[in-house]
Amino acid sequence: MPMTLPAFLIPLFLIITAACADEPMAKMEPMLEGLEEIMVAGGCFWCVEADLEKVSGVTDVISGYGGGTNTSPTYQNYDDYGHREVALVRYDPRMISFEKLAALFLRTIDVTDNDGQFCDRGHAYSPALYYDNAEQRAILEAVVKAGEEAIDREITLPIDPAPEFFPAEDYHQDYYKKNSGRYAVYRNLCGRDRIVRGVWGQSARELIGY
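Okay, so let's go over this structure. Just so we're clear, the structure is a prediction, and the values are computed from it rather than from any experiment.

A few points about the packing of helix α3 (residues 98-106) against helix α4 (residues 134-151)
Argument step 1. Where α3 meets α4, the axes come as close as 10 Å, and the angle between the chain directions of the two elements is 45°. When the interaxial angle is binned, α3 and α4 end up oblique. Crossing angle aside, the handedness with which α3 passes α4 is right-handed. Note on element contacts: α4 touches α3 through Gln-136, Ile-139, Leu-140, Val-143 and Val-144, opposite Phe-98, Glu-99, Ala-102, Ala-103 and Leu-106.
Argument step 2. In terms of residue class, the contact of α3 with α4 is built from eight nonpolar, one polar and one charged.

Dropping the structure here:
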C-alpha cells in the first residue's frame, strides 16, 4: 500500500497502518532442498505475491523489504530508509526456469514506469530485477531486451545485485487470501490489470492470465 495515496484509498491505508502497528514480522521457513529463489520489486508486494503464486513451479512468495539502509525495516519506516517493497520468490527449477519466471514477472507490471507502480508512487514502489551472480544478470538483461522487442518500447527498470531481504509483517503475507474483499477493491481501483494489458497486450493474457 502507498505512502502517497489518491484520496479514494486513504481510508483503506489508515486501516492497514493501524492493523500493522504491533504486528510481528513474518518468520521465514527454511527453503526446501532443490528449490531456488529470485527477488523482484513490482510495486505493492500484495499484488506481486498474488500474481506469482499462481505460476506453475512457484512454491512460495514472501512479501518484504529490501535495498535500504535500515537493518530492521518495518511497514512504518521502510520507505524512510530507502527500501522498496520486494518479493522473494521460491521456485522449483525443474518446473520453471529463472529466465521464464523473470519474463513472466515483467508481464505483471508496468515496465515503462520507474516512479512507482499504478496508484502507488515513489521509490518504495518502483520496479526492479535482482540477481545473485553474473550468469543471472546476463539472463535478466536478455529477458529485458526480449521484453522491449515484444512491446516495441524501452524498458528502463534497474537490474541490481540482490540486497538483503527482510520479510514483512505477518499481516502482509498472503494478504490477497486473508483479506480478499479489501484486496480486490484496492487492485481494481489502482487499475493494475487494465494498465498491464495496455502495456503487454496479448502476451500478458497468455502468460499470466489477465
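Quick notes on the pattern of salt bridges
Argument step 1. For the coordinates displayed, the defined rule picks out seven salt bridges.
Argument step 2. Arg-94 serves as the salt-bridge partner of Asp-92, at 2.9 Å between the closest nitrogen and oxygen.
Argument step 3. Judged by its relative accessible area of 69%, Arg-94 is exposed.
Argument step 4. Arg-137 is paired through a salt bridge with Glu-141; the nearest N and O atoms lie 3.2 Å apart. Of this pair, Arg-137 and Glu-141 are both found in helix α4, four residues apart, which corresponds to roughly one turn of the helix.
Argument step 5. Judged by its relative accessible area of 39%, Glu-141 is partly exposed.
Argument step 6. Among the ionic contacts, a cluster of salt bridges with common partners joins Asp-51, Arg-187 and Asp-193.

Some words on the nonpolar core
Argument step 1. Core analysis: the biggest nonpolar cluster contains 51 residues, and Val-40, Leu-106 and Leu-129 have the highest contact counts within it.
Argument step 2. Per-element accounting of this core gives the leading share, seven residues, to α3.
Argument step 3. By size, the runner-up hydrophobic cluster in this structure holds eight residues, among which are Met-39, Ala-41, Tyr-130 and Phe-165.

Considering the state of the cysteines
Argument step 1. Evaluation of the coordinates by the stated rule reveals one disulfide.
Argument step 2. Left without a disulfide partner, Cys-47 is nearest to the cysteine sulfur of Cys-44, which lies 4.1 Å away.
Argument step 3. With relative accessibility at 1%, the residue Cys-47 sits in the buried group.

Regarding the pairing of strand β3 (residues 84-91)
Argument step 1. Burial runs high along β3: eight of the eight residues are buried.
Argument step 2. Neither face of β3 is exposed, since Arg-84, Val-86, Leu-88 and Arg-90 on one face and Glu-85, Ala-87, Val-89 and Tyr-91 on the opposite face are all buried.
Argument step 3. In the sheet, strand β1 (residues 36-41) pairs with β3 via five bridges, with the strands oriented antiparallel. Paired with Val-40 across the strands is Ala-87, a residue of β3.
Argument step 4. In this sheet, β3 lies alongside strand β2 (residues 58-66) in antiparallel orientation, the contact comprising eight bridges. By the bridge assignment for β3, Ile-62 is matched with Leu-88.

A few points about helix α2 (residues 45-52)
Argument step 1. Buried residues dominate α2, accounting for eight of its eight residues.
Argument step 2. Among all positions in α2, only Phe-45, Trp-46, Cys-47, Val-48, Glu-49, Ala-50, Asp-51 and Leu-52 are buried.

Calculation rules
Residues numbered from 1 in each chain as written. Predicted model: local features only at pLDDT ≥ 70, side-chain atom pairs only at ≥ 80, totals over all residues. Heavy atoms only, no water. Axes fitted to C-alpha atoms, helices over the stretch in contact; angles between N-to-C directions. Helix = DSSP H or I, 4+ residues; strand = E, 2+ residues; numbered from the N terminus. Parallel < 35°, antiparallel > 145°, perpendicular 65-115°, else oblique. Left-handed = near helix turned anticlockwise from the far one by under 90°. Contact = heavy atoms within 4.5 Å. Nonpolar A, V, L, I, M, F, W, Y, C, P; charged D, E, K, R; others polar. Salt bridge = Lys/Arg side-chain N within 4 Å of Asp/Glu carboxyl O. Buried < 20%, exposed > 50% of the residue type's maximum accessible area, 1.4 Å probe, protein only. Core = buried A, V, L, I, M, F, W, Y, C linked by side-chain atoms within 4.5 Å. Disulfide = S-S within 2.5 Å. Pairing = 2+ DSSP bridges.

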